[in-house]
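# Geometric and topological summary
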Amino acid sequence: MHLTDQEKRILDGGQGEIAQKCMQFLVAYGEAAGAERLVDLDGTVDLHPGQFWVADYVITPEEIDELANKGEKFKVPTFANKATAPGFIYDGWERCGTLPNSDPEYHKKCTEPFKPWIKMGMVPTFSCDNYLVASYLPAVGQHCAWVESSAIPWVNAVLGARSNFDGCFQTAYLGKVPAYDMQLDENRMATVLVECASELKADMDYDLFGWAVGEACGLEVPALVGIGKPTTSQLVKMNSSLNTGGQVRMYHIPGVTPEAPTLEAAFKGNRYKKRITITREDLKRVYEVMNYASNDHVDFVYLGCPHYNIEELRKVAEYLEGKRCKTPVWVMTNPLTFKAAEMMSLKDTIEKAGAVLLSGTCCGLLMGEMPPSGVMATDAAKQDYYITGIVYPKRLEVWYGTTEDCIEAAITGKWRGEWR
Ligand code: F3S
């Protein structure tokens, strides 16, 4: 890989040992990815605080502390995804009802290590969809380093900025990433045409559609037609499924996403390699894969994957108003939206119904720490997919459906959701 003189100096240790280790990581990663050079970030970073990546290039907490005490800062605006496993609950932990998270000492122990990260400039958004509350987003064409399944299609497709899956301490500290794949013009155009033959209306439809497209597309970049104009909540769900059911890190919706004013522009005038049609039957098949509980009993309901935005919290509060939940219910959001929900009394309404509003993590990141349950209900394909693998060998059964289906299950203790 070609390095500039300044980059060579960092690699030779001219900027200290920590910068050298970060550069060694970038060079090894870039060479493995086939990058010819590094590119300077001019957008933003989204990273999992606490994750140090790749044993040979570990940056220790003590080293981060040392940098923070010297007044060193991340090179570009840097936002916290949720902390990596074993994660911790940022808000609402006092009422979560599980251990170790309801222990104040544990909470303190978990939050302390992030102080140096924050001192270096990391914004404590602690969310898998921190892009909804970041208050500062990259502009079209800017080079970024993000992580997380829903976030990668968000930065590339929705914002028109550029990122591979490489937001981490090293990229934020040096402000550089290997120039390959989504960082380069030639890899961003659509290569397959995906037509949706079924009208997508509910948020769940977009979740199922994203999964079906992810399975069908591999590493291709799809142009999606016939999907209407998805709302923000629907785009978040679709993105998380695209990049969980498959590996779609970029797509175009002609007339909607910034790099595709028209279908021709999405393909940059080229012909598509493949044409895929997603039918109602495809959505039903994914729905059936997601539902693998064997009886209608529900022990626990998890909502908020990806972390619920304020509109989703408003809807949940509306559904729960004046009701009483039979099962434990966790509703997950991010710390900033948690505060907004408190100010709007949504938290009160949710908690009066017996559900708990939490922020900053999810059952998956808590490595299965959740109220005792053999059968869980959720409205997110991504949570559904990850959770059983995480609690293995425990045999957790999962019901999947709309948010309304899940709330109904919380109130009655029974699953009544069905394919409609
Ligand atoms: Fe977020 Fe956990 Fe889902 S981190 S995207 S809530 S699996």
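Note that the structure is a prediction, hence the values are computed from the model and not measured.

### Some thoughts on the overall build of the chain
Each helix and strand in the chain was counted, giving 16 helices and 13 strands. Rg of the C-alpha trace for the chain: 22 Å, near the compact-globule value of 22 Å for 420 residues, within the 12% margin. C-alpha extents for the chain along the principal axes are approximately 65 × 60 × 40 Å. About 16,900 Å² of surface is accessible on the chain, with carbon and sulfur atoms providing 53% of the total.

### Some details on the domain arrangement of the chain
Domain assignment breaks the chain into domain 1 (5–185), domain 2 (189–288) and domain 3 (291–412). If you average the C-alpha positions of domain 1 and of domain 3, the two centres end up 28 Å apart. With 29 residues of domain 1 at the interface, the matching set in domain 3 holds 25 residues. For the pair domain 1 and domain 3, the summed buried area comes to about 2,000 Å², and 57% of that belongs to carbon and sulfur atoms. Three residues, Asp 91, Arg 95 and Val 133, lead the burial of domain 1 against domain 3; their summed loss comes to 26% of the area buried on that side. The interface formed by domain 1 and domain 3 holds three salt bridges in total. Residues Asp 91 and Lys 339 are paired through a salt bridge, measuring 3.4 Å at the closest nitrogen-oxygen approach.

### What to know about the site of the ligand
If you check the shell around the ligand, you find Lys 82, Cys 128, Glu 148, Tyr 302, Gly 304, Cys 305, Pro 306, His 307, Cys 362, Lys 382 and Gln 383 and nothing else. The pocket occupied by the ligand, as judged from atoms lying within 2 Å of grid points, is the largest pocket. Here the shell around the ligand gathers at least three residues from each of two domains, domain 1 (5–185) and domain 3 (291–412).

### With respect to the sheet that holds strand 4 (residues 122–123)
Spatially, 2-3-4 is the arrangement adopted by the three strands of the open sheet, whose pairing is parallel. Where the open sheet ends on each side, the last strands, each with one partner, are strand 2 (45–47) and strand 4. With two bridges connecting them, strand 3 (residues 78–80) and strand 4 associate as parallel partners. By the bridge assignment for strand 4, Phe 79 is matched with Val 123.

### Let's talk about empty space enclosed by the protein
Within the structure shown, the criterion is met by one cavity of 30 Å³ or more. The computed volume of the largest cavity comes to approximately 40 Å³. Lining the largest cavity we find Thr 44, Val 45, Asp 46, Phe 79, Asn 130, Tyr 131, Ala 134, Tyr 136, Leu 137, Pro 138 and Trp 146. Looking at the lining of the largest cavity residue by residue, the class counts come to eight nonpolar, two polar and one charged.

Rules behind the numbers
Residues numbered from 1 in each chain as written. Predicted model: local features only at pLDDT ≥ 70, side-chain atom pairs only at ≥ 80, totals over all residues. Heavy atoms only, no water. Helix = DSSP H or I, 4+ residues; strand = E, 2+ residues; numbered from the N terminus. Rg over C-alpha atoms; globule rule 2.2 N^0.38 Å. Areas by Shrake-Rupley, 256 points an atom, 1.4 Å probe, with all protein chains shown as cover. Domains from an automatic or database assignment. Contact = heavy atoms within 4.5 Å. Buried area = accessible area lost by both parts, 1.4 Å probe. Salt bridge = Lys/Arg side-chain N within 4 Å of Asp/Glu carboxyl O. Near = heavy atom within 4 Å. 1 Å grid on protein atoms, 1.4 Å probe; cavity = no way out; pocket = protein on both sides within 12 Å on 5 of 7 lines; lining within 4 Å. Sits in = over half its atoms within 2 Å of the grid points. Pairing = 2+ DSSP bridges. Points joined across faces, edges and corners; volume = space filled by probe spheres on them. Nonpolar A, V, L, I, M, F, W, Y, C, P; charged D, E, K, R; others polar.

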